[in-house]
Amino acid sequence: MQNMGTVDGRSSLPENHSDNESIGNGDRIAFSGPLVNKSVGNGDRIAFSGPLVNKSVGNGDRIAFSGPLVNKRGGRKSARFNIPESTIIGGNGGASSSKDEEYVEITLNVRDDSVEFHSVKAVSGSENENPEVRLLTRTLEKRPSFGSSVIQTASSRIKQVSQELRRLASNTRRPTAARFDRTKSAAVYALKGLKFISKTDGGAGWAVVEKRFDELAVDGALPRSAFGQCIGMKESKEFAGELFDALIRRRNIMGNSITKSELKEFWEQISDQSFDSRLQTFFDMVDKNADGRITEEEVKEIITISASANKLSKIQEQAEEYAALIMEELDRDNLGYIEIYSLETLLLQAPPQPTRGRTTDSRNLSQMLSQKLKPTEESNPIRRVYQKTKYFVEDSWQRIWVIALWIGIMSVLFAYKFVQYRNKAVFHIMGYCVCSAKGAAETLKFNMALILLPVCRNTITWLRNKTKLGVIVPFDDNLNFHKVIAVAIAIGVGIHAGAHLTCDFPRLLHATKEEYGPMKPFFGNNQPSNYWWFLDGIEGVTGMIMVILMTIAFTLATPSFRRNKLKLPRPLHKLTGFNAFWYSHHLFVIVYVLLIVHGIYLYLSKEWYKKTTWMYLAIPVALYGCERLIRAFRSSIKPVTILKVAVYPGNVLALHMSKPQGFKYKSGQYMFINCAAVSPFEWHPFSITSAPRDDYLSVHIRTLGDWTRQLKTVFSEVCQPPTAGKSGLLRADMQGGICPNFPRVLIDAPYGAPAQDYKKYEVVLLVGLGIGATPFISIVKDIVNNMKARDEEEEEEELEKGRRPTTPSNRRKGGGFKTRQAYFYWVTREQGSFDWFKGIMNEVAESDHKGAIELHNYCTSVYEEGDARSALIAMLQSLNHAKNGVDVVSGTRVKSHFAKPNWRNVYKRIALNHRDQRVGVFYCGAAGLTEELRQLALDFSHKTSTKFDFHKENF
């Protein structure tokens with residue numbers, strides 16, 4: 001037999017073999033040769049090289065082959081297609097044991113009125129045959145014979161078979177250059193991707209899926225609409241629907257529902273952990289017409305669905321542009337489609353996201369990342385107690401001595417009053433009840449004075465900035481200490497009031513005339529006759545009012561009320577939220593007045609020098625009063641002008657203001673803002689997002705409560721409508737000295753905060769959740785500015801000394817600025833949040849030439865890297881960043897990560913990079929993550945040579 005090859009992918013026949021024979025009943029046609037090109041449809045052609053047969057099957061359908069024409073009688077038609085083993089996905093790379101292993105054999109039964117598929121298999125029958133062949137066999141062998149007309153049935157069957165062959169051919173025709181070593185780091189990373197179901201949810205998860213099927217099935221079949229919920233993709237119904245369509249398309253299942261056995265088959269496929277299976281399933285999702293080719297329109301559709309599943313609205317809007325980008329990258333020959341090996345190429349070539357900053361030995365890093373680094377449990381109980389005590393003292397010694405001193409003072413005061421009244425005549429009637437009541441009263445006076453000091457913000461800021469007390473005093477815990485004192489006050493009130501009302505007064509009422517005799521100087525000559533006598537006097541009335549007001553203030557200050565977590569009935573809704581907390585807290589002005597009155601009209605003390613309440617309160621109240629006067633005075637003499645307003649997606653209002661003359665602050669500090677158009681009395685704290693060297697002040701305000709919502713409303717009214725491409729962004733600028741009708745804003749600043757101490761550390765880890773990134777935006781800008789200024793000063797010094805500014809060893813270390821490396825992790829739920837600081841992130845990324853700042857953006861609405869729902873987003877991200885230098889998720893030059901960070905791995909990497917160093921960890925955000933970050937800081941400080949100091953931002 002003569003074997004003719006194909007020319008330019010076209011079918012050719014030698015002149016002496018140009019016969020054309022039709023398939024007849026019982027004909028047998030054999031083919032052998034490598035598969036080159038194929039397509040099916042009316043008039044479409046499939047071309048093969050090697051010994052072939054040319055046959056016509058009615059209605060214009062043609063299957064053309066090049067090579068010598070062969071005609072053999074028989075009812076079964078067989079064809080062998082060459083599949084080079086070296087190009088098979090997932091092949092073991094070994095040599096073929098026989099020549100026949102390079103072929104698959106497809107056999108068809110041809111009858112008068114039907115064409116029936118018989119089998120497809122590797123010629124050798126090897127157990128290591130291509131999984132694609134197995135899948136093709138399983139799929140096609142289920143097809144029943146059909147049709148009453150040769151013209152219609154043969155055409156339909158050959159179309160179906162050829163669709164599978166085309167998909168198979170996209171594997172077999174891949175270029176040799178497209179092979180990848182899957183042991184390389186990039187390939188290993190890629191092979192973790194495209195997971196529809198996690199490994200732990202595979203076989204073990206079928207029982208759960210089966211149970212859901214029983215709950216969701218309708219007449220024994222699961223509808224398409226419930227497929228996502230059934231397999232655990234409840235939040236990605238649209239993506240699950242596309243997966244459902246791909247699976248039934250592969251199996252030629254008609255309708256929009258499946259049985260339990262079909263669901264189990266689906267489950268086995270999507271939980272298959274082999275990369276080849278996952279790749280094929282994903283390819284089938286995109287390949288809507290199952291022709292083995294993906295067009296640009298199909299790419300656009302799957303981008304839209306993936307973006308929707310990950311809540312990435314901006315990518316949905318630009319799906320057409322991104323689809324063109326993928327086609328440009330993968331369709332280099334402008335064929336108008338891409339095939340499965342192109343998709344594999346993109347996956348295996350996409351490296352893990354690079355990390356800016358210093359690198360470490362990969363072996364050491366891998367070793368550390370594999371360790372859990374949890375505290376080892378000491379077997380000896382005595383040593384275990386000693387170790388835990390030692391760690392606790394090392395981590396909390398500042399808090400320990402302050403709390404110990406506070407408790408010591410209260411104990412001394414309580415004991416002093418207790419002993420004093422133990423030796424008085426009143427003890428013989430009231431007993432230890434009066435001793436306890438008076439002891440609690442003495443601690444109450446002390447705590448009512450002390451509770452004002454932690455909220456004297458100007459004083460604390462001055463002590464933090466101008467003195468060295470910060471070394472031994474935990475100023476960062478000022479508000480926590482304020483809350484602890486409040487609890488002590490509540491306990492003191494309970495003991496004092498309870499002892500009087502339930503013990504002292506009843507005993508006095510039931511005392512005999514002889515017992516009451518010594519009490520006449522205090523309670524009058526006439527013994528009280530009823531309980532109301534005690535409550536009707538000034539002492540009783542002031543006491544009851546104070547208890548009521550303090551109860552209201554304490555209750556509305558709890559997180560449930562202050563953060564509006566409670567859902568109260570509509571008439572009581574005003575009792576929740578920041579406004580209720582703010583106004584109720586000012587009831588303490590009345591409480592302090594009543595407390596002084598209450599201390600003057602004491603029953604058992606008549607000498608003025610024994611009425612010490614006013615003595616306790618005088619200095620703290622005066623100091624706090626001065627603080628409030630300073631706030632009012634400073635805000636009035638330092639007016640600000642609004643320069644720019646922006647309303648960003650995610651309900652964030654950005655205000656840019658003029659900087660008052662002589663106004664100085666540190667990155668990480670915050671200021672109070674007042675807007676009379678909203679409320680003339682309310683002042684709210686916000687972190688400063690501009691850097692100290694900037695010629696303006698800026699804050700970014702998230703609208704979470706009543707006051708912030710009203711503030712956004714009044715400023716939105718003066719903003720222009722969003723322009724094209726701004727994603728709903730509203731802006732208003734002062735132009736040419738002409739200021740729009742902005743509401744008047746007053747500021748009171750600056751105030752100290754934990755984040756301002758970042759300069760004390762050479763290495764800092766900054767963690768911001770959502771709007772909690774605000775203090776760190778200022779810090780990263782300040783780090784870059786300080787490094788620039790330091791380098792310029794050092795270069796000038798070296799130039800003045802006549803030396804070239806290229807020797808790092810000659811450079812002096814900066815005075816008060818120690819920071820050399822910063823890791824900034826910003827975690828947010830919404831893609832639109834990245835617009836808040838887009839300009840700043842780009843500025844830092846472009847100006848930080850030394851890689852001193854690692855910027856890590858995390859979008860938690862996107863499924864974790866490796867999930868099939870985010871696979872296309874990850875591919876698109878790599879392509880767009882490589883071509884345009886812009887991340888498709890954040891819109892900045894910083895590549896975004898998906899889902900939540902693994903905080904333990906973050907700490908591990910920093911601990912390895914900075915051994916024997918002290919790292920400052922600064923966190924601002926929701927309280928839920930505080931304990932995890934603090935505990936990790938403690939664990940790594942105890943178990944590694946790197947020490948982590950954790951700081952939490954408090955307002």
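Predicted model only: the values in this text are computed from it and were never measured.

Here we look at the sheet that holds strand 17 (residues 696-702)
Hydrogen bonding along the main chain pairs the strands of a sheet, whether they run parallel or antiparallel.
Here comes step 1: With antiparallel pairing, 4 strands are arranged side by side in an open sheet as 17-14-13-18. With one partner strand each, in any of the chains shown, strand 17 and strand 18 (730-733) form the two edges of the open sheet. If you compare each strand with its neighbour and ignore which way they point, the axes differ by 10 degrees on average.
Here comes step 2: Note that strand 13 (residues 642-648) and strand 18 share 4 bridges and pair antiparallel. From the neighbouring strand, V645 faces strand 18, where its bridge partner is A732.

Notes on the state of the cysteines
Every disulfide links exactly two cysteines, by a covalent bond between their sulfur atoms.
Here comes step 1: Under the definition given, this model contains 1 disulfide.
Here comes step 2: With a sulfur-sulfur separation of 1.8 Å, C433 is cross-linked through a disulfide to C503. Given an S-S torsion of about 70 degrees, the disulfide between C433 and C503 has right-handed geometry. Here C433, found in helix 16 (residues 432-450), pairs with C503, found in helix 18 (residues 478-509); they are 70 residues apart in sequence, far enough to count as distant.
Here comes step 3: With relative accessibility at 18%, the residue C433 sits in the buried group.
Here comes step 4: Residue C503 is classed as buried on the basis of its relative accessible area of 14%.
Here comes step 5: Cysteine C626 is unpaired, with the sulfur of C456 as its nearest cysteine sulfur at 9.3 Å.
Here comes step 6: The exposure class of C626 is partly exposed, given its relative accessible area of 42%.

Remarks on helix 14 (residues 381-422)
Here comes step 1: Its 42 residues give helix 14 an end-to-end C-alpha distance of only 44 Å, which falls more than 12% under 62 Å, the value for a rise of 1.5 Å per residue.
Here comes step 2: The sharpest bend along helix 14 reaches about 85 degrees and sits at S396.
Here comes step 3: Along helix 14, the residues classified as buried are Y391, S396, V402, W406, M410, L413, K417 and Y421.
Here comes step 4: Against helix 15 (427-430), helix 16, helix 18, helix 26 (613-637) and helix 32 (930-943) lie the buried residues of helix 14.

Details of the confidence of the model for the protein
Here comes step 1: For the protein, the mean per-residue pLDDT works out to 77, and 72% of the residues sit at or above 70.
Here comes step 2: This model gives residues 350-362 a pLDDT under 50, and the stretch forms 34 contacts once residues within four places in sequence are excluded.
Here comes step 3: The low-confidence segment residues 806-815 (pLDDT under 50) makes 16 contacts with residues lying over four places distant or belonging to another chain.

Side note on the nonpolar core
Here comes step 1: The biggest cluster of nonpolar side chains holds 96 residues, and the ones touching the most others in it are F196, F227, L263 and F824.
Here comes step 2: Apart from the residues within four sequence positions on either side, F227 is in contact with L222, A240, L243, F244, L247, I258, L263 and F266.
Here comes step 3: Membership of the second largest hydrophobic core comes to 30 residues, among which are L655, F686, L730 and F742.

Some points on the pairing of strand 14 (residues 652-658)
Here comes step 1: With 7 of 7 residues buried, strand 14 lies mostly within the body of the structure.
Here comes step 2: Direction of pairing for strand 13 relative to strand 14: antiparallel, over a ladder of 6 bridges. By the bridge assignment, I642 is partnered in strand 14 with M657.
Here comes step 3: Adjacent in sequence and paired antiparallel, strand 13 and strand 14 are bridged by 3 residues, among which G650 carries a positive phi angle near 85 degrees.
Here comes step 4: Sheet analysis places strand 14 next to strand 17, joined by 7 bridges and oriented antiparallel. From the neighbouring strand, H656 faces strand 17, where its bridge partner is S698.

Points about helix 4 (residues 206-216)
Here comes step 1: Within helix 4 the residues assigned to the buried category are W206, V209 and F213. Down the axis of helix 4, the smallest arc covering the buried residues is 60 degrees, so these residues share one side. With respect to the buried face of helix 4, the exposed residues turned more than 90 degrees away are A207, K211 and E215.
Here comes step 2: Against strand 11 (222-223), helix 5 (227-231), strand 12 (257-258) and helix 7 (260-270) lie the buried residues of helix 4.

Observations concerning the packing of helix 17 (residues 457-466) against helix 26
Here comes step 1: Their axes nearest at 8 Å, the elements helix 17 and helix 26 cross at an angle of 90 degrees. Considered as vectors, helix 17 and helix 26 are oriented roughly perpendicular to each other. Only L623, E627, I630, R631 and R634 of helix 26 make contact with helix 17, whose side of the interface consists of R457, N458 and T459.
Here comes step 2: Split into classes, the residues belonging to the contact of helix 17 with helix 26 amount to 2 nonpolar, 2 polar and 4 charged.

Some points on the sheet that holds strand 15 (residues 670-675)
Here comes step 1: Spatial strand order, 16-15-19: 3 strands in an open sheet with antiparallel pairing. The sheet terminates laterally at strand 16 (684-687) and strand 19 (745-751), the two strands that pair on one side only. Averaged over all pairs of adjacent strands, the angle between strand axes in this sheet comes to 30 degrees, irrespective of strand direction.
Here comes step 2: Sheet topology note: the strand 15/strand 19 ladder contains 5 bridges and is antiparallel. The partner of Y670 across the bridge, within strand 19, is Y751.
Here comes step 3: Sheet strands touched by helix 26: strand 15 and strand 19. Its angle to strand 19, the strand with the most contacts, is close to 120 degrees.

Considerations on the pattern of salt bridges
Here comes step 1: Within this structure, the stated rule accounts for 28 salt bridges.
Here comes step 2: Two residues, D757 and R464, come together in a salt bridge whose shortest N-O distance is 3.2 Å. Placement of the pair is D757 in the loop between strand 19 and strand 20 (763-769) and R464 in helix 17, with a sequence separation of 293 residues.
Here comes step 3: Residue classification places D757 among the buried residues on the basis of a relative accessible area of 11%.
Here comes step 4: For R464, a relative accessible area of 11% translates into the label buried.
Here comes step 5: The closest approach of N and O atoms between R918 and D949, which form a salt bridge, is 2.8 Å. Of this pair, R918 sits in strand 24 (residues 918-924) while D949 sits in strand 25 (residues 947-952), and the two are 31 residues apart along the sequence.
Here comes step 6: Judged by relative accessible area, which is 45%, R918 ranks as partly exposed.
Here comes step 7: Several salt bridges share partner residues, and in doing so they unite R464, D476, D757 and K760 into one network.

Calculation criteria
Residues numbered from 1 in each chain as written. Predicted model: local features only at pLDDT ≥ 70, side-chain atom pairs only at ≥ 80, totals over all residues. Heavy atoms only, no water. Pairing = 2+ DSSP bridges. Helix = DSSP H or I, 4+ residues; strand = E, 2+ residues; numbered from the N terminus. Axes fitted to C-alpha atoms, helices over the stretch in contact; angles between N-to-C directions. Disulfide = S-S within 2.5 Å. Buried < 20%, exposed > 50% of the residue type's maximum accessible area, 1.4 Å probe, protein only. Expected span 1.5 Å × (residues − 1). Bend = angle between axes of the 7 residues up to and from the residue. Contact = heavy atoms within 4.5 Å. pLDDT = per-residue confidence, 0-100. Core = buried A, V, L, I, M, F, W, Y, C linked by side-chain atoms within 4.5 Å. Arc of directions from axis to C-beta. Parallel < 35°, antiparallel > 145°, perpendicular 65-115°, else oblique. Nonpolar A, V, L, I, M, F, W, Y, C, P; charged D, E, K, R; others polar. Salt bridge = Lys/Arg side-chain N within 4 Å of Asp/Glu carboxyl O.

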